[in-house]
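Overview (structure and organization)
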Amino acid sequence: MAFASCSSSSQGCYDVFLSFSGEDTRNNFIAHLYQELRTKGINTFIDDEKLERGGVISPALVTAIENSMFSIIVLSENCASSKWCLEELVKVLECMKTRGRRVLPIFYNVDPSDVKKHRGKFGAALAEHEKNLTENMERVQIWKDALTQVANLSGWDSRNKEVKKLKAYFSTCFIYKRQ
């Protein structure tokens, strides 16, 4: 069994791009999900470097997103606090629209309706961005729209699923028999 991916001559080509807030999930859920995907032979991009707060999304990340067949967006308590996570989300959704990429959201210990309606920690984070980015409110609106859009996609609410089953679902849904 193998996964369909872009041509082997492409640099930065991945089956899956994992987007997540390291603060919330890197050393627990993401570490286990990443290992499960790799064990299944799924070429998975994970940014394992510490990212500078407020930094511009790097060209390497943009390339990884563009050249990944699927993206898993892990929406957790603090992801909306990170401009970087929000910019990744915007790029992933752009690739969904323009390149036909699949996006699979995981609502990790958060209520999907809080993501969609910008409530709770999501609302607080967006309000903080509005306060700090008064000269760039259109960017904050783009982030709000992206959060609403991803919350409208079919995904997994980890509060209602066993994490083990969730990881197994994502690892097996990417696998197919090579033709």
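This write-up is about the structure you can find in this document. (Residues numbered from 1 in each chain as written. Predicted model: local features only at pLDDT ≥ 70, side-chain atom pairs only at ≥ 80, totals over all residues. Heavy atoms only, no water.)

Points about the packing of helix α3 (residues 83–99) against helix α6 (residues 137–151)
Close contact between α3 and α6 brings their axes to 9 Å; oriented N to C, the two are set at 60 degrees. Here α3 and α6 pass one another in a crossing that is left-handed. Seen from α3, the contacting residues are Lys 83, Leu 86, Glu 87, Leu 89, Val 90, Leu 93, Met 96 and Lys 97; seen from α6, they are Arg 139, Ile 142, Trp 143, Ala 146, Leu 147, Gln 149 and Val 150. Grouping the amino acids of the contact of α3 with α6 by side-chain chemistry returns 10 nonpolar, 1 polar and 4 charged. (Axes fitted to C-alpha atoms, helices over the stretch in contact; angles between N-to-C directions. Helix = DSSP H or I, 4+ residues; strand = E, 2+ residues; numbered from the N terminus. Left-handed = near helix turned anticlockwise from the far one by under 90°. Contact = heavy atoms within 4.5 Å. Nonpolar A, V, L, I, M, F, W, Y, C, P; charged D, E, K, R; others polar.)

A closer look at unusual backbone geometry
Notably, Asn 109 is not glycine yet its phi reads approximately 60 degrees, a positive angle. With respect to the helices and strands, Asn 109 occurs in the loop between β4 (102–107) and α4 (112–117). You can call Asn 109 partly exposed: its relative accessible area is 46%. Positive phi is not limited to glycine here, since His 118 has a value of about 55 degrees. Mapped onto the elements, His 118 comes out in the loop between α4 and α5 (120–132). (Buried < 20%, exposed > 50% of the residue type's maximum accessible area, 1.4 Å probe, protein only.)

Details of the sheet that holds strand β1 (residues 14–19)
In space, the 5 strands of this open sheet follow the order β2-β1-β3-β4-β5, with parallel pairing throughout. On the outer flanks of this sheet lie β2 (44–45) and β5 (156–157), each paired with one strand and no other. As paired strands, β4 and β5 are joined by 2 bridges and run parallel to one another. Counted as the bridge partner of Phe 107 is Asp 157 from β5. Lying over the sheet, helix α2 (residues 59–66) contacts β1, β2 and β3 (68–75), oriented at roughly 125 degrees with respect to β1. (Pairing = 2+ DSSP bridges.)

Honestly, that's just the spatial picture; any functional story needs more than this.
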